[in-house]
Structure formats: structure tokens, C-alpha cells
Amino acid sequence: MKKYILLLLAGISYNSYAQKTASVTLSNDSKDTISRHIYGQFAEHLGRGIYGGFWVDKTLPVPKQDRIRLDVVNALKKIKIPNLRWPGGCFADEYHWRDGVGPRTQRPKMINTNWGGVVEDNSFGTHEFLELCQLLGTAPYISANVGSGTVEEMSKWVEYLNFDGASPLTKERAGNGHLKPYNVEFFGVGNESWGCGGNMTPEYYSNEYRRYATYARDYPTAKLKRIASGSNGGDLNWTEVLMKNVGPGRMWGLSLHYYTLPTNNWKVKGPATGFAEEQYFSTLKNSLVMEDLVTKHSAIMDKYDPKKKVALVVDEWGVWTDVEPGTNPGFLYQQNSLRDALVAGTTLNIFNNHCDRIKMAELAQCVNVLQALILTDKEKMLLTPTYYVFDMYKVHQDAQYLPFKLTTPDYEYNGNKIPAVNVSASKDKAGKVHITLVNLDAKNSISVTTEFKDIVWKAVSGQVLTSAGVADINTFAKPLTIAPKTFTGARKDGDKLMVTLPAKSIVALELN
Ligand code: AHR
């Protein structure tokens, strides 16, 4: 009461001071599994994503295998990346795989017309990519050329990759150093076929998909998981036509691309650093559109595929800002702030919560491009705030999904509102429960009371990711400004879990 009177005297209303509260009720009532492939990554021949990011000059003083930098590999191994999508993106529909096999000195060069018009020397090709995947312990996801390639070219690439018998192509593969088949499963049939992948209509692409996918053969040691090029964000008609004209049985997955912009303007997207609360808020608001998109696309898929055989594959997502000043606009190099981490935590919660339909997703992009996990500067490397979110969330991979009910206060800015708290939860094979919570509110902490149905636990521990400002970043000079810390804001109170989420934070809890 004394505090209330003092606040009134100071002219501060009690409501604006009052501790905000949320509640979660968690139950054991689901048989769905959160596929580890939701935590996938994307590496395109774009800017310094491959060249400088994964594949470096022989003279660069970093540990390497062949020309693959191992500092990057080791950091990615730690967060258990389940798959890596390659070679694009838009690049995929201009990529001819034969240019990237055989002796490197004899490989033809090409112009990367999509990304900066730079010369691509094809030194990183099929064998190099699959060697990288092997080092990472990750599943390759190859995105093949429909836009400017032929059915024969795609068909032969699959044979080169996956056939275990005697053929001219397997002889060539052996001659290039790999006797055994690579057994690649995840196989994209075109990329953004509505845009850079050929500007097709969904009706036309459906027919093309059926033709290309027919000759991308299954071989005895590798049955393909064919993924059709999907919708541009809210284009529901694309999903409708693909589900109707291609349908379950012919595709393992149907993709969806959605990027979060700070503004709604592709010409002036907004900076990656140094922004104020206005663009912080609008970025978060735009990132929450993902919930609406996956709900709407899933509903269409349910109509044609009620047994949920076709996966929704969100194989490009992330924050897309203006490039860092002074860098090549075609290279899409951007810094990564606490804001990006909050978007990543929120988006991964959305994917976990839709794990009955979303079986795969890839952040764009892994190193040095868009919302990257890792930035490099010659031999230097830093882990971004987004990297740490994937580290904190890796416990959800292949765990049993736990459904919940959430009530949350809003985060209000300038008359606009978004839900302040989002959450997802799972139970791992050892019976540990993992809850990941995000508080988007830039200023207010939020007390969360969690109750449980059919879940017994004794102790809680956790990690938190936050920082003084939402625009804070890790730099090569100060690489650990944002990194997870031990969380002390959770306690057991009878059967309940009481958590105080700091403003603008991501919290990962483990219940034993
Ligand atoms: O990730 C960058 C680009 O965004 C990809 O090449 C393309 O598929 C998308 O438009």
C-alpha cells in the first residue's frame, strides 16, 4: 500500500507499474514428435556464405580439411544442425551440377547473376558439399534446377548421387573420389518457381514438378524425399493448386518461404543495428505473421491430405534487413542483434507448436548471409545471438511435443499490440521436460505461472539470453556481448513452476 501511495504521489499509475503476468498449462496429451529437421540450415552460393564462410583459400590461417574451415564446422556440430540445404535459393535454378565435379582446375567458371554478378569458380561442388555434410554429421538437402535445367540433367544428378550399381555415371563418381553412393534423401525440385526459379504459374509448375520428379529416381539404397517449390508467404492459391494437382504420394514435402522485414518495404527494409523501439516492434509483429501463414497453409493441406503425409517445409525463413553499410548489396551481409534472437526463438516456438505438419525448416542463411548463425571476417569468427537460440532449443529435436494453453499480456507500442509471451515445450527420451519461453516486451518483465497435467517433476534449471538493449550485437572485438547465462528466475512452488521472464529475453528451462 505504501508503495502504491508513493507511486500515486509520483504521478505513476499503479497499472503501468504492476508486474505483468502470464500463465501456461502444460499437458502430456500428444503423440506428436518435434522433428529435428525443423532446426535445419541453408547455405547458398551467395556473397560470403559458401566462399569465405565454409570454403576458404588454402592460405587462410584457420584449421581446415581440404578447404573447409573447421572452426565453423565445430561450432555448427555443437548445435547439432540436422540438415543443410544447398546450393540455393535462386542460385539453384541456374546451377548445373556437372560444372562442379571433376578436377577443380578444369571446372568452368560462371557468373552468379542473382547475387552480385561475381564469378563463381565452381571449386565448391557436389563432392565438396557432401564432404562438408559428412564433417557436420548433417543430412544433405539438395535443391535442384528446374528453372534453367533439364529433366535429364536432374535425373543424372540423382543417379550420380545415389546409384550403387555399375553405370557410366557411377564410374565417373568413383573416378572423382567417391566409390559408394551418397544416398541423399532430401531433394528439392526447383526453388521459388513462382519467381527467380522460372516465374511459373502454379498450374504450370505442378506439371513441371510431376515431370521432373518422375525422373528423379529412387535407387535401392536411397528413396528420395521430394520437396516441391512452395508458396511465397501468403500466396494460398499456390498451395491449393499444388495440393490439388500434385498431391500426396508424389511429394514428401511442400515448401513455404517467408522473410521478416523490419519495415514492410523491400526497397528500404531497415537496418540490422542501431534501430529504435519502433522498428524493434514492427519486426516482431512481422515475424508473428508466420503463425498465421503456417495455420492457413496447413488448413489447405489438411483438406487434401487429412492424414498429414505431406510435410510443410519452411525452407527459407529469417530476418532480412538492409545490408551492412559499405558491403556489396548483392551479398546480403547483415549483423545480428538480440532482436534476431527473439525472432528466432519465437519462430522456432511456432514451428514446434505446428510439428504435426511442419517436419522441416531451414533458417536463411547459415554463415555470413541474412540472419546468420555465424559471421566470419577472414580468419575471425563469431557466434551470433541467433546461434545461441539454436543452441538453447536443440533439446527439442526429436522430442515428444507437449501441448499447452497460454494466457499472455500484450506488448503495446504506439497503440499497437502483440502477444508478449510465446512458448513451446517437449519431453525428451530421458523424460526431461524442456520449456522455451520468449518475452518480446522491450521494457517489462513478466511473471509466468505454469501448471501441469500428468507431468511430474522435481527440480528446474535453465538458461537465459538477453542484453541491455534490443539492438545489441556481438562483434569481432566483443564476441560475447550476447551469450546464454545461467537462469535463476525459476522456482518450484508446490506443483507449480513460477518464472520471472526478464524483458526482451529467451529462457530455456529443463525440468527433471
Ligand atoms: O535467401 C536469399 C534468397 O531469398 C534465396 O536465394 C531465394 O530463394 C529467396 O528469394
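Residues numbered from 1 in each chain as written. Predicted model: local features only at pLDDT ≥ 70, side-chain atom pairs only at ≥ 80, totals over all residues. Heavy atoms only, no water.

1. Notes on the sheet that holds strand E16 (residues 400–401)
Taken in spatial order, the six strands line up as E16-E20-E21-E27-E23-E24 in an open sheet, and their pairing is antiparallel. Either end of the sheet is taken by a strand with one partner, and the two such strands are E16 and strand E24 (485–486). The sheet contact formed by strand E20 (residues 421–427) and strand E21 (residues 433–439) spans seven bridges and is antiparallel. Within the sheet, the bridge partner assigned to Val 421 lies in E21 and is Asn 439. This element, helix H11 (residues 338–353), spans E16, E20, E21, strand E23 (460–465) and strand E27 (505–511) of the sheet and lies at about 55 degrees to E20. Helix H12 (residues 385–393) contacts E21, E23 and E27 of the sheet and is inclined by roughly 165 degrees relative to E23. (Pairing = 2+ DSSP bridges. Helix = DSSP H or I, 4+ residues; strand = E, 2+ residues; numbered from the N terminus. Contact = heavy atoms within 4.5 Å. Axes fitted to C-alpha atoms, helices over the stretch in contact; angles between N-to-C directions.)

2. Observations regarding the side chain of His 297
Its location among the elements puts His 297 in helix H10 (residues 289–304). At a separation of 2.7 Å, a polar atom in the side chain of His 297 contacts the main-chain carbonyl oxygen of Gly 233. Among all residues touching His 297, those that are not within four sequence positions of it are Ser 231, Gly 233, Gly 234, Asp 235, Leu 236, Thr 239, Leu 256 and Leu 312. (Polar contact = N/O pair within 3.5 Å; in protein donor to acceptor, adjacent residues only side chain to side chain.)

3. Some words on helix H7 (residues 202–215)
For H7, which comprises 14 residues, the first-to-last C-alpha distance of 20 Å matches the rise-based estimate of 20 Å (1.5 Å per residue) to within 8%. Here H7 has its buried residues at Pro 202, Tyr 205, Ser 206, Glu 208, Tyr 209, Tyr 212 and Ala 213. Buried positions along H7 lie against helix H5 (151–162), strand E9 (186–189), strand E10 (225–232) and helix H8 (236–245). (Expected span 1.5 Å × (residues − 1). Buried < 20%, exposed > 50% of the residue type's maximum accessible area, 1.4 Å probe, protein only.)

4. Quick notes on empty space enclosed by the protein
Counting across every chain of the model gives two cavities of 30 Å³ or more. A volume near 40 Å³ is recorded for the largest cavity. In terms of lining residues, the largest cavity is bounded by Tyr 95, Trp 97, Ala 144, Asn 145, Glu 153, Met 154 and Trp 157. A total of three residues in the lining of the largest cavity trace back to one element, the largest contributor, which is H5. Considered class by class, the residues forming the lining of the largest cavity number five nonpolar, one polar and one charged. Counted as a void, the second largest cavity has a volume near 30 Å³. Forming the walls of the second largest cavity are Tyr 258, Thr 260, Ser 287, Met 290, Trp 317, Gly 318, Val 343 and Thr 347. Those elements giving two or more residues to the lining of the second largest cavity turn out to be strand E11 (253–260), strand E12 (311–319) and H11. (1 Å grid on protein atoms, 1.4 Å probe; cavity = no way out; pocket = protein on both sides within 12 Å on 5 of 7 lines; lining within 4 Å. Points joined across faces, edges and corners; volume = space filled by probe spheres on them. Nonpolar A, V, L, I, M, F, W, Y, C, P; charged D, E, K, R; others polar.)

5. Points about the environment of Leu 437
Here Leu 437 is to be found in strand E21. For Leu 437, a relative accessible area of 3% corresponds to the buried category. In contact with Leu 437, not counting residues within four places along its chain, are Val 421, Asn 422, Val 423, Val 448, Leu 501, Ser 505, Ile 506, Val 507 and Leu 509.

6. A word on the site of the ligand
As a matter of local geometry, the ligand sits amid 13 residues, with Glu 44, Cys 90, Glu 192, Tyr 259 and Glu 316 nearest to it. Taking Cys 90, its main chain carries an N or O atom lying 2.8 Å from an oxygen atom of the ligand. At 3.0 Å, a side-chain N or O of Gln 365 approaches an oxygen atom of the ligand. Here the ligand loses 93% of its free accessible area of 280 Å² to cover by the protein chains. Applying the majority rule of atoms within 2 Å of the grid points places the ligand in the largest pocket. Residues of the shell around the ligand, tallied by class, amount to seven nonpolar, three polar and three charged. (Near = heavy atom within 4 Å. Areas by Shrake-Rupley, 256 points an atom, 1.4 Å probe, with all protein chains shown as cover. Sits in = over half its atoms within 2 Å of the grid points.)

7. As for the domain arrangement of the protein
When the domains of the protein are assigned, the result is domain 1 (15–30 + 402–511) and domain 2 (33–401). Here the C-alpha centroids of domain 1 and domain 2 sit 29 Å apart. On the side of domain 2, 43 residues touch domain 1, which itself brings 50 residues to the contact. When domain 1 packs against domain 2, close to 3700 Å² is buried across both sides, 67% of that on carbon and sulfur atoms. Broken down residue by residue, the surface that domain 1 buries against domain 2 is led by Tyr 413, Val 470 and Phe 476, which jointly contribute 18%. Note that Glu 277 is salt-bridged to Lys 443, the shortest N-O span being 2.7 Å. On the surface where domain 1 and domain 2 come into contact, there are 19 residue pairs in polar contact (both at pLDDT 80 or more). Taken together, the elements giving at least two residues each to the side of domain 1 that touches domain 2 come down to strand E18 (410–413), strand E19 (416–419), E20, E21, E23 and E27. Here the side of domain 1 that touches domain 2 takes six residues from E20, the largest share from any one element. For the side of domain 1 that touches domain 2, the residue count by class is 26 nonpolar, 16 polar and eight charged. (Domains from an automatic or database assignment. Buried area = accessible area lost by both parts, 1.4 Å probe. Salt bridge = Lys/Arg side-chain N within 4 Å of Asp/Glu carboxyl O.)

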